[in-house]
Each structure stands twice: as structure tokens, then as C-alpha cells.
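What follows is each chain in one-letter form.
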Amino acid sequence: MTSLEKGGPALPQERKIVTEIPGPKSKEIEARRTKAVAQGVASGYPAYIVAAGGGILKDIDGNQIIDLAAGIAVTNVGNANENVVKRVTEQVEAFTHTCFMVNPYENYVELAEKLNQLTPGSFDKRTVLLNSGAEAVENAVKIARTYTKRNAVVVFDHAYHGRTNLTMAMTAKVAPYKHGFGPFAGEVYRAPMSYPFRDNDAAGTKLSGEDAAKRVITMIEKQVGADQVAAIVIEPIQGEGGFIVPAEGFLPTLVDYARENGIVFVADEVQAGFGRTGKMFASEWEGIEPDLVTTAKGIAGGLPLSAVTGRAEIMDAVGAGGLGGTYGGNPSAVAAALGAIESYENEGLLERASALGDIMRSRMEALQSKFPEVADVRGRGAMQACELVQRDSIEPNPNLAKAVAKHCADNAVLVLVTGTFGNVLRFLPPLTMSDELLNEAFDVLEEAFEKALS
Ligand SMILES: *Cc1c(COP(=O)(O)O)cnc(C)c1O
């Protein structure tokens, strides 16, 4: 505990390298870790953190790292956000837990009201609070199955929905998420995703969103049967799959199809939601109104919380006692979410997401014009990525992604590698990062490309 320092917006907003990274103190803890922590939980960047805020992570050796991960799209409102800290402190001093299923408390109800109001669609809604993104997705499936009295769940190539048994089945990529962990839950069917960069027909024309949706519909009709499908579950922008933004028209066509066939349309907004893309929810970009929305990550400024929000008649298909959990909607996590939402609403964070996105776009396009390996630049708002390929082909280039991320890491810039082929660099700054810091991070990134490709 003694090594912790004060974080939040007061933390000086500068990149600083005082030792090699990880430094000696981090290495000492890392040595203890290998003897204490299961190796299955890996850390991409083993510098041990003592404070964070704005756009900076400070490690135990005094290095200050520019954060382009936000704890995987979680600390959108900034680490140790003042509203979050204030509300959580008040809450933990009052009481820490009762279990909402035993003794209820008001802030759970208040957050449900907020989520019902913030998620797309002005219809009557209900919310259930849970702990993790995976748990929210599981519950959305439970609810959809009860409501439709059907079993099948349709998911997509490159999808990521979590690490529990059902969500592993729903996740596309085998290593490291599923390998050796089967048997998996049944009645999960995988459909082709709209992936504009890689979706060319034989003549080289891009597949339209409508045609990509038709491909999905054919798969459902021929392999599953529309009247067997409880839910279509999709990330409106795929996260771990490589920040894949489907072609325009793909999502609305699927929503219409779901509605015509009594299928519950679930938007998994766990990563793309909560201001990340410059709108409160990524579904808003194409004006779709999902029947159910799953949220987590950016919801509570870093405390573990998730939710399923959706149409009242669907949510209320499950009888009393059918949903819940010991910690779901823990009062401290709920207090954090209410604090975070206060920041989203009052601190111009959606505008910041767009502004940060514009900077990232123009910096990536500059890289693209210099290095043909930067083949595709994509994303929305502060959820941006570039896909790297071998020169003169569209063969994935995971080694380049690794080399660039390594150079950035060595120079105190945290960049995450993602994508089915491990060849996508993704950028998820906290929305509290300054333009200056973001530009500095991209200076280092540019240096990394020059070094890797020279
Ligand atoms: C991270 C993620 C999940 C799983 O969330 P956990 O909190 O890690 O269980 C589910 N869906 C999407 C889209 C995600 O990005």
C-alpha cells in the first residue's frame, strides 16, 4: 500500500522515462508474481502501476507512460476520476454491500433509470446489473431464450464476448481464449461478419453492408432456421476482433430481419459503448435500436460493473429470482457508474472522443501515406486502429505490429495489439487525454514504424 501515490487529474501530464521499463522495482515484484500468480493471467506491459490519471500511468520506478489502452476501454472518464472517487468514497463510508437481492438500495434503481434513458430507443425499458461483460452477455442470452422460447444464438466471425463457458462458445478466436477449455455451450452459430477491408468479391468489388447482411441471413435460413433463433448478438464495432466497423447498412438490415422474424437483436456495447466512439453508444452511428444492449467496461470508471438494458417486455419475460447474483450492482460500483455518467454528461467527453479520434485519424493517415504496410485505418471517435500487412499484399503482418508496440512500450507509450490475425494496432486513450500527449504518443509510434521498416 505504501507505494501508492495520488493519481487522478492532478497527476502531472508528461511522459517520463527514468529507468528502463520495466524498471528494477517492477522486476522485483514480477519475480514474486511468477511464484504467486497463475501464469494464465498474463500482463502485456509488466510495469507495476502506483498512480494514474488524465492520460498518464505512473509506475513504481517513477516512469510515466502515455496510456493508449485505458485498461481496455474502461477508464474513459479518466483514472481516479474525481466524480467517481467522491461518490465511491461516500458509498463505502455508508455501507459496502447488502446484496440487492436481499436488501435493496436506491442507487441501483437510479442507475437503472439512467441506463434506460441513455441507451438507444425511447421505448419502455428495464435493466439488470451484473459484474462483468461476459456475465452481461450470458444474461442477455438467458433473457432472449426465455422471451422467445427458442435456443439458437447467432454470433459472428472475429467476435469477442468473454471467457465464461457460454461466452467462449460465442467468441471466435481459439488461442488464447478457448484453446483446451471445451466442451463449449451448444446452439451457438457463427455467421460471416462484414469486414470492409477484407470483403472483396471475385471481381475485387467491396461487398455492400446489405449484401454482407444477406450472407448472414442465408446462413441463418439454411443452417439454423429463423424460427429457432433466440438472439443475434453482435458488437456494433468489434473490439478484440480488430476494431472492425461493418459496412454501412449491415447492422440496420440485420435489425430489420431480426424484427421480422421474432429474433431478439442484442448489441454487445461492452467495448464500443460509453462515449468511446464519440456517441454514448456505437449503435447510434447507424441509428439502430437494439432490443437489448450489454454494457460494462466504460460504465463505471474502472470498478467492476455491467448491465443488460432493453425492451421491458423482453427483460420482464424472466420471472422473479431468475436473474441476479451476489455482487451484481454492488453499491460502490454503482456509485462509480453514477459518478462516471455525471462526467460523460457534464465534461464534454463525447466531444473529446471525437477530437481525439480526429487527431488519431490524421496521424494514422500520415503513416499510411509513408508506409504501405499500414493498409487500413478505421474506427470511430476514440476507438481507432490500423491494420498492418506485408508490403504488396494483404497478408497480415503480426510481426510488424509486435515490433511497433515493443518500441512504443520501451519508450513509455502503451499500445495494444489486437485482431484475429494479431496485426492490428488499436488506440483507446482515456477521453481525458490532452491533444499534446496524444500527439507525443503518435510521434513515438511514427519513430517505431521508421525503426521497424528501415
Ligand atoms: C471485454 C468484452 C467482453 C467481456 O467483458 P469482461 O468484463 O471481460 O467479462 C464482452 N464483450 C465485448 C465486446 C468485450 O469487449
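Residues numbered from 1 in each chain as written. Predicted model: local features only at pLDDT ≥ 70, side-chain atom pairs only at ≥ 80, totals over all residues. Heavy atoms only, no water.

1. A word on the pattern of salt bridges
Next, step 1: Enumeration according to the criterion identifies 25 salt bridges in this entry.
Next, step 2: Note that Arg215 is salt-bridged to Asp199, the shortest N-O span being 3.4 Å. Remark: Asp199 occurs in the loop between strand S6 (188-191) and helix H7 (209-224) and Arg215 occurs in helix H7; sequence separation between them is 16 residues.
Next, step 3: As a salt-bridge pair, Lys406 and Asp410 come within 2.7 Å of each other at their nearest N and O atoms. (Salt bridge = Lys/Arg side-chain N within 4 Å of Asp/Glu carboxyl O. Helix = DSSP H or I, 4+ residues; strand = E, 2+ residues; numbered from the N terminus.)

2. Things to note about the packing of helix H3 (residues 82-94) against helix H10 (residues 331-346)
Geometrically, a packed helix pair is captured by the angle between its two axes and the distance between the axes.
Next, step 1: Between H3 and H10, whose axes approach to 8 Å, the crossing angle comes to 150 degrees. Between H3 and H10, the interaxial angle falls into the category roughly antiparallel. Of the two possible hands of crossing, H3 and H10 adopt the one that is right-handed. Note on element contacts: H10 touches H3 through Pro331, Ser332, Ala335, Ala336, Leu338, Gly339, Ala340, Glu342 and Ser343, opposite Asn83, Val84, Arg87, Val88, Gln91 and Val92.
Next, step 2: The class makeup of the residues in the contact of H3 with H10 is 8 nonpolar, 5 polar and 2 charged. (Axes fitted to C-alpha atoms, helices over the stretch in contact; angles between N-to-C directions. Parallel < 35°, antiparallel > 145°, perpendicular 65-115°, else oblique. Left-handed = near helix turned anticlockwise from the far one by under 90°. Contact = heavy atoms within 4.5 Å. Nonpolar A, V, L, I, M, F, W, Y, C, P; charged D, E, K, R; others polar.)

3. Section: the sheet that holds strand S8 (residues 264-268)
Next, step 1: Taken in spatial order, the 7 strands line up as S4-S10-S9-S8-S7-S5-S6 in an open sheet, and their pairing is mixed. Only two strands of the sheet have a single partner each, and these edge strands are strand S4 (125-130) and S6. Pairs of neighbouring strands in the sheet enclose a mean axial angle of 20 degrees, with direction left out of account.
Next, step 2: Across 3 bridges, S8 lies against strand S9 (residues 292-295) in parallel orientation. Bridging from a neighbouring strand, Ala267 pairs with Val293 of S9.
Next, step 3: The strands touched by helix H5 (residues 133-148) within the sheet are S4, strand S5 (152-156), strand S7 (229-234), S8, S9 and strand S10 (306-311), with S10 carrying the most contacts at an inclination of about 30 degrees.
Next, step 4: Along the sheet face, helix H8 (residues 250-260) touches S5, S7, S8 and S10 and points at about 165 degrees away from the line of S7. (Pairing = 2+ DSSP bridges.)

4. Observations concerning the sheet that holds strand S13 (residues 413-414)
Next, step 1: One open sheet holds the 4 strands; their spatial order is S1-S2-S3-S13, and the pairing between them is mixed. Each of the sheet's edge strands pairs with one partner strand only, and the pair in question is strand S1 (49-53) and S13.
Next, step 2: Both S1 and strand S2 (residues 56-59) contribute to a ladder of 4 bridges, which runs antiparallel. Across the sheet, the residue bridging to Ala52 is Leu57, located in S2.
Next, step 3: In this fold helix H13 (residues 435-453) packs onto S2, strand S3 (64-67) and S13, with an angle of close to 95 degrees to the strand it touches most, S3.

5. What about the domain arrangement of the chain?
Next, step 1: Segmentation of the chain into domains returns domain 1 (24-80 + 349-453) and domain 2 (84-347).
Next, step 2: One C-alpha centre belongs to domain 1, the other to domain 2, and the line joining them spans 25 Å.
Next, step 3: In this complex, domain 1 contributes 39 residues to the contact, which on the side of domain 2 involves 35 residues.
Next, step 4: Note on domain 1 versus domain 2: buried area summed over both sides is about 3,100 Å², and carbon and sulfur give 61% of it.
Next, step 5: Contact with domain 2 buries area across many residues of domain 1, yet Leu350, Arg380 and Met383 alone supply 25% of it, more than any other trio.
Next, step 6: Our enumeration of links across domain 1 and domain 2 arrives at 2 salt bridges.
Next, step 7: Among the ionic pairs, Glu387 bridges to Arg198, the shortest N-O distance being 2.7 Å. (Domains from an automatic or database assignment. Buried area = accessible area lost by both parts, 1.4 Å probe.)

6. A look at the environment of Met280
Next, step 1: Note on placement: Met280 falls in the loop between S8 and S9.
Next, step 2: Judged by its relative accessible area of 8%, Met280 falls in the buried class.
Next, step 3: C-alpha separation for the pair Met280 and Asp124, spaced 156 residues apart in sequence, amounts to 19 Å.
Next, step 4: Leaving out residues up to four positions away in the same chain, Met280 has contacts with Leu118, Gly273, Phe274, Gly275, Tyr344 and Leu350. (Buried < 20%, exposed > 50% of the residue type's maximum accessible area, 1.4 Å probe, protein only.)

7. Re the side chain of Thr119
Next, step 1: With respect to the helices and strands, Thr119 occurs in the loop between helix H4 (106-118) and S4.
Next, step 2: Thr119 sits in the buried class, given a relative accessible area of 5%.
Next, step 3: Of the polar contacts made by the side chain of Thr119, one reaches the backbone oxygen of Leu115; its length is 2.8 Å.
Next, step 4: For Thr119, the residues in contact, after removing those within four places along its chain, are Lys125, Phe281, Val293 and Thr309. (Polar contact = N/O pair within 3.5 Å; in protein donor to acceptor, adjacent residues only side chain to side chain.)

8. Focus: the site of the ligand
Next, step 1: Around the ligand sit Ser132, Gly133, Ala134, Tyr160, His161, Gly162, Glu235, Asp268, Val270, Gln271 and Lys297, and those are all the residues in its vicinity.
Next, step 2: Contacts to the ligand include Ala134, whose backbone N or O atom sits 2.8 Å from an oxygen atom.
Next, step 3: Side-chain polar atom of Gln271 to an oxygen atom of the ligand: 2.9 Å apart, as the coordinates give it.
Next, step 4: Notes on the ligand: free accessible area 380 Å², of which the protein chains cover 82%.
Next, step 5: Among the residues forming the shell around the ligand, the class breakdown is 3 nonpolar, 5 polar and 3 charged. (Near = heavy atom within 4 Å. Areas by Shrake-Rupley, 256 points an atom, 1.4 Å probe, with all protein chains shown as cover.)

9. What about the packing of aromatic side chains?
Next, step 1: The final tally for this structure, using the stated rule, is 10 aromatic pairs.
Next, step 2: On the basis of an interplanar angle of 75 degrees and a centroid distance of 6.1 Å, the ring pair of Phe156 and Phe250 is categorised as edge-to-face. One end of the pair, Phe156, is in strand S5; the other, Phe250, is in helix H8, with 94 residues separating them in the sequence. Comparing Phe156 with Phe250, the two get one shared label, buried.
Next, step 3: Taken together, the ring pairs connect Phe95, Phe100, Tyr105 and Tyr108 into an aromatic cluster.
Next, step 4: Directly above the ring of Phe184 sits Lys178, whose terminal nitrogen or CZ lies 5.4 Å from the centroid.
Next, step 5: When the ring centre of Trp285 is taken as origin, the NZ or CZ atom of Lys279, which lies over that ring, is 4.7 Å away. (Phe/Tyr/Trp six-rings, centres within 6.5 Å; stacked < 30°, edge-to-face > 60°. Lys NZ or Arg CZ within 6 Å of the ring centre and 35° of its normal.)

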